[in-house]
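Given next are the chains, with one letter for each unit.
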Amino acid sequence: MNPGSRRYHIITFGCQMNKADSERMAGVLEDMGFVWTETPDQAQLVLYNTCTIRDNAEQKVYSYLGRQAKRKQTEPDLTLVVAGCVAQQEGDALLRRVPELDLVLGPQHANRLQDLLEQVAAGQQIVATEQIQIVEDITKPRRDSQVTAWVNVIYGCNERCTYCVVPNVRGVEQSRSPEVIREEMVRLGEQGYKEITLLGQNIDAYGRDLPGVTAGGRYEHTLTDLLYFVHDVPGIERIRFATSHPRYFTERLIHACAELPKVCEHFHIPFQSGDDELLKAMARGYTQAKYRRIIDKIRDRMPDASITADAIVGFPGETEAQFAQTLKLVEDIEFDQLNTAAYSPRPGTPAASWDNQLSETVKADRLQRLNHLANQGAAARSQRYAHRIEEILVEDQNPKDPTQVMGRTRGNRLTFFASDIHHLRGQTIPVKITEVRPFSLTGEPLDAKKGLNW
Ligand code: SF4
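Quick caveat, the model's predicted, so the values are computed rather than measured. Residue numbering note: each chain is counted from 1, following its sequence as written. For a predicted model such as this one, the threshold for reporting local features is a pLDDT of at least 70, and the threshold for listing and counting side-chain atom pairs is 80 or more; totals across whole chains, interfaces and linings nevertheless cover every residue. Remark: hydrogens and water are excluded; side-chain values derive from all non-hydrogen atoms of the structure.

J.: Explain the packing of aromatic side chains to me, please; I cannot follow it from the model alone.
T.: For any pair of aromatic rings, the description consists of the separation of the ring centres together with the inter-plane angle of the planes. Pairing of aromatic rings covers Phe, Tyr and Trp, the last through its six-membered ring, and needs centres within 6.5 Å; plane angles under 30 degrees mean stacked, over 60 mean edge-to-face, and all others mean tilted. The final tally for this structure, using the stated rule, is eleven aromatic pairs. Centroid distance Phe271 to Tyr291: 5.6 Å. Interplanar angle 55°. Geometry classified as tilted. Of the two residues, Phe271 sits in the loop between strand 12 (266–268) and helix 10 (276–281) while Tyr291 sits in helix 11 (residues 288–301), which places them 20 residues apart along the sequence. Neither residue differs from the other here; Phe271 and Tyr291 are each classed as buried. A centroid spacing of 5.4 Å and a plane angle of 75° characterise the contact between Phe315 and Tyr343, whose relative ring orientation is edge-to-face. Linking Phe315 in the loop between strand 13 (306–313) and helix 12 (320–333) with Tyr343 in the loop between strand 14 (337–342) and helix 13 (360–382), this pair joins segments that are 28 residues apart in sequence. Per the convention used, a helix needs a DSSP run of H or I reaching at least four residues, while a strand needs a run of E reaching at least two, with both numbered from the N terminus. Relative accessibility thresholds used throughout: buried, under 20% of the residue-type maximum; exposed, over 50%; partly exposed, between the two (1.4 Å probe, protein chains only).

Written out as structure tokens, the structure is:
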């Protein structure tokens, strides 16, 4: 295939893992000579990187696909690709539903995009969803940011949370070795990146599948060991990681985060429900009391740490009293941000077949009440930034106001201030916070010469 002047467009749905996969697939396409276009209808290759975490995410894909499938009837050279979790979940069924598709590839096959497209160019229609050992990542991702980068450390998940489709669509845990992770970070440091987010569906499981157990019976490779191993990578100023699991969250990790200066004091630890009976039904493997202890220990060592989480309302059988436990936990902990969702039955998950499903009305009511409380908590937490001097790593121009730049605190709070991005991209600037909103801040750069005069 001679892509030559062929243009491509990728539409990404879902989580950070999908965003990182899309950056890598874009890198593969550019290596093949494709050129990015902002407009899907001008692209000769359109790729949807899909999410199936909830039904509405899945349905969105089909509405988009329909349009391009119609286009293909008049433009037979158009290449249509569906990647990600819906591709993995549906496989051949997707080809039956949208016969215009050329390629359906699961998340584990993202690094094989070139090889699969070459088979398409040879006239085949390809479905690549078999479970494989993920090919180590040699691509040069086309990253959205010039300052911050995602680095996958573990793919897949071995947990069996009864509502979650991830293990079915992303497969078993596959950790990358500490050496290749460090090598990728060294390359990023050389390219001028300043912040790395280490990624995993259940990042606390990092290393469990790698060889090596210490004399004390502890896994030789853990997230904590990895943080120490990559902490001195030149050029990298900030390290973050997501997503944590309360079941495996250790005091060793808290100690490391408090001790290692580059590791930002921001923890994303989904709790899902505040009720122990529900946590058991979800097969989460911890109690609300254990969850509270983790947060207390973090705040003991890092009082200013940002805590964010995910919560589900309307899980099958959830009573008003059990929901009240979730509200109580949210009220007591006051999260910097809470991602909330109404339970959505997913194909192939245990809870989807249970007969104690709740109505959409009850779910919508509980979601609205939880969001109200969570926003109050976020607003209260944001107040601590008022009039403080915060170190802001400048990432980009404010898309809504070109006279401003934007970046984030170590606590991951988005912050805006007046300045010129060309002078400040990638720099960490002391900023006096002058305005506080529930999920973002505005300030003034302390060093006026640095901030305003340019
Ligand atoms: S830990 Fe549970 S919720 Fe998270 S990806 Fe794994 S199965 Fe899903």
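J.: Would you take a moment to explain the packing of helix 12 against helix 13 for this structure?
T.: The packing of two helices is summarised by the inter-axis angle and the distance between the axes. Interaxial angles span 0 to 180 degrees and are taken between N-to-C directions of axes, which are lines fitted to C-alpha atoms, for helices over the stretch in contact. Close contact between helix 12 and helix 13 brings their axes to 10 Å; oriented N to C, the two are set at 15°. If you check the angle between helix 12 and helix 13, you find them roughly parallel. As helix 12 packs across helix 13, the resulting crossing turns out to be right-handed. Along the contact surface, helix 12 presents Glu320, Phe323, Thr326, Leu327, Val330 and Glu331, while helix 13 presents Arg366, Arg369, Leu370, Leu373 and Ala374. When residues are sorted by character, Ala, Val, Leu, Ile, Met, Phe, Trp, Tyr, Cys and Pro go into the nonpolar class, Asp, Glu, Lys and Arg into the charged class, and all the rest, Gly among them, into the polar class. Of the residues assigned to the contact of helix 12 with helix 13, the class counts are six nonpolar, one polar and four charged. Roughly parallel means an angle under 35 degrees; roughly antiparallel, over 145; roughly perpendicular, 65 to 115; everything else is oblique. Helix crossings get a hand from a simple test, with the near helix turned counterclockwise from the far one by less than a right angle marking a left-handed crossing and a clockwise turn marking a right-handed one. Contacts were defined at the residue level, with two residues in contact if any of their heavy atoms lie within 4.5 Å.

J.: Would you mind going over the confidence of the model for the protein chain with me for this structure?
T.: The predicted structure's coordinates, where accompanied by low pLDDT, should not be read in detail. Within a predicted model, pLDDT stands for the predictor's per-residue confidence, ranging from 0 to 100. Averaged over all residues, the pLDDT of the protein chain is 93; the fraction at 70 or higher stands at 96%. Residue range residues 450–454 is modelled with pLDDT below 50. Its contacts to residues more than four positions away, or to other chains, number 14 contacts.

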